[in-house]
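# Fold and contact review
Each chain, written out:
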Amino acid sequence: MRYFKIIILAFFVERASSLWFFENIANSLGFRQKPQIEEKDENGTCTSEDTLEEWGYELNNGPDHWGGICKCGKKQSPINIVTTLTQPGNVDPITFSNYDAQCNITVLNNGDTVTFVGFDDCPNQPYISNGGLGSRYDLHAFHFHWGHTDLDGSEHTLDGRKYSLELHLLHIKHGLTFEEAIHQPDGLAVIAIWFSLWFDSAPMSTLMPAIELVSTAENQTATISNFQVSQLLPQDRNQFYRYEGSLTTPTCNEVVIWTVMKQVQSITFSQMNIIRRIHLGGENNENRGLFSRMLGLIRQPALIRSINPDIGIPGANHRPVQPLNGRTVFFHG
Ligand SMILES: [Zn+2]
């Protein structure tokens, strides 16, 4: 009976993937209008102008279609961190200030992710300093990236390993607006934290009710009172990877000091399933709920590997890893 169920599910997965296969063919034959993107200006400079306006993670607007700096940049993110190639770093630990402050924040389903904002208005705005950052960076917002199955979802990978979820805590250099920061080489500092399936529900527990409230449609919002962002941080904050990179979404500006925490946080199966059911924007999303649920049911690596997670199936929001192009990744710890 068990094998019978697997065969039935495999049939549906095959059907679903062949639908996307035909969509791919339709694209290549020009049935869909592909956006024309000019990634260099008249001086040959790599520029963010003319980047696809309606970008997303689907076949017709996914990472392969992103233009501008996303296409011609040489310091793009995310990357695969190869532990044996990292250089030892020796900076002080990062100082997390006001991370225990209670802030009233808002969560928004913006169609690409769930983003948590409102820290700019918090009386004791959380900020980071030291840790080789060279300046104070104020917490502006945070959001998540995930995939169709437990086997993918993170943007950064570690020796090729993908995690189920990745948190980005977005900090702006003190005194700058976001608009100013995305035009300065060190304008932003993002702390990335990997989440892996485990039994500890605590790190994500406060966020889940609000996430559920915004999960059925784009532009939904909900509020969380007295939120302490420290609960999202791993216990060991002293071991981290550091490199210079970019925003992982258009316009992919190369202005980010990346800190990827080594210690992985825990998220439970049921929390992860709630996140995967979030209705993101995009024309194909009506198929997504059923498809994600089917993939969630099948935990058969051989079957899942037969589907390329990066071909633009709606419902995932992670960019594939980008070339390192000679950049150094430091490990501090
Ligand atoms: Zn992000």
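Residue positions are given per chain, counted from 1 along the sequence in the order it is written. It should be noted that, the model being predicted, local features are given only for residues of pLDDT at least 70 and side-chain atom pairs only at 80 or more, the latter also being counted only at that level, while totals for whole chains, interfaces and linings use all residues.

Using the following cut-off: UniProt positions are given in the numbering used here, feature names are shortened, and annotations may be inferred rather than shown by experiment.
Looking at an unreviewed UniProt entry, one finds the protein chain named Carbonic anhydrase and attributed to Acrobeloides nanus. Of the comments in the UniProt record for the protein chain, the one headed Sequence similarities (unreviewed entry) reads "Belongs to the alpha-carbonic anhydrase family." In the Cofactor (unreviewed entry) part of its UniProt record, the protein chain is described as follows: "Zn(2+)".

### Topic: the pairing of strand β6 (residues 127-130)
Stated precisely, the cut-off is as follows: Any two strands between which DSSP finds at least two bridges are classified as paired. Helix numbering and strand numbering both begin at the N terminus, where a helix is a DSSP run of H or I of at least 4 residues and a strand a DSSP run of E of at least 2.
Pairing geometry for strand β3 (residues 94-97) and β6, over 4 bridges, is antiparallel. Across the sheet, the residue bridging to Thr95 is Ser129, located in β6. Pairing between β6 and strand β7 (residues 137-146): 2 bridges, direction antiparallel. Looking across to β7, one finds that Ile128 is bridged to Tyr137.

### Observations regarding the environment of Tyr127
Heads up, the rule is: Any residue surrounded by 20 or more other C-beta atoms within 10 Å of its C-beta is treated as buried, while 12 or fewer makes it exposed and the intermediate range makes it partly exposed; C-beta atoms here are placed from the backbone. The contact rule is simple: place each C-beta atom from the backbone, and if two of them lie within 7 Å, those residues are in contact.
Position of Tyr127 relative to the elements: it lies in strand β6. Under the C-beta neighbour-count criterion, Tyr127 is labelled buried, with 20 such atoms within 10 Å. Not counting the four nearest positions on each side in its chain, Tyr127 is found in contact with Ser97, Asn98, Arg136, Tyr137, Asp138 and Leu139.

### Considerations on helix α6 (residues 269-276)
Definition in use: Comment: arc refers to directions from the helix axis out to C-beta atoms.
Every buried residue belonging to α6 is among Gln271, Met272, Ile275 and Arg276, and all of these are buried. Taken end-on, α6 shows its buried residues confined to a sector of 135°, consistent with a single buried face.

### Remarks on the pairing of strand β9 (residues 165-173)
Burial of β9 is extensive: 9 of the 9 residues sit out of reach of the surface. Here β7 pairs with β9 via 9 bridges, running antiparallel. Bridging across to β9, Leu139 finds its partner in His171. As judged from the 8 bridges shared by β9 and strand β10 (residues 188-197), these two strands associate in the antiparallel manner. Pairing of Leu170 across the sheet is with Val190, part of β10.

### Looking at unusual backbone geometry
With omega at 0°, the peptide bond leading from Ser77 into Pro78 counts as cis. Residue placement: Pro78 occurs in the loop between α2 (69-72) and β1 (80-81). The omega torsion of the bond from Pro250 to Thr251 falls at 15°, within 30 degrees of zero and hence cis. Within the element layout of this structure, Thr251 appears in the loop between β12 (240-245) and β13 (256-261). Despite not being glycine, Asn226 has its phi angle at roughly 55°, a positive value. With respect to the secondary-structure elements, Asn226 resides in strand β11 (residues 221-227). On the basis of neighbour count, Asn226 is assigned to the exposed category, with 10 C-beta atoms found within 10 Å.

### Re the environment of His148
Summarising the element assignment, His148 is placed in the loop between β7 and β8 (157-158). Along the chain, His148 and Asn317 lie 169 residues apart, while their C-alpha atoms are 9.1 Å from each other.

### Let's talk about the confidence of the model for the protein chain
Atom-level detail of predicted coordinates should not be read off regions where pLDDT is low. What counts here: How sure the predictor is of each residue is captured by pLDDT, a score from 0 to 100.
Summary statistics for the protein chain give a mean pLDDT of 83 and a share of 75% for residues scoring 70 or more. In this model residues 6-38 is a low-confidence stretch, pLDDT under 50, and it forms 33 contacts with partners more than four residues away in sequence or in other chains.

### Focus on the nonpolar core
Going by this rule: Under the definition applied here, buried Ala, Val, Leu, Ile, Met, Phe, Trp, Tyr and Cys residues are grouped into a nonpolar core through C-beta atoms within 7 Å.
Formed by 65 residues in total, the largest nonpolar core has its most connected members in Leu165, Leu167, Leu188, Val190, Ala192 and Ile193. Among the elements that make up this core, the one with the highest residue count is β10 (8 residues). The residues touching Leu167, leaving out its near neighbours within four places in the chain, are Phe142, Phe144, Ala192, Ile193, Phe195 and Leu232.

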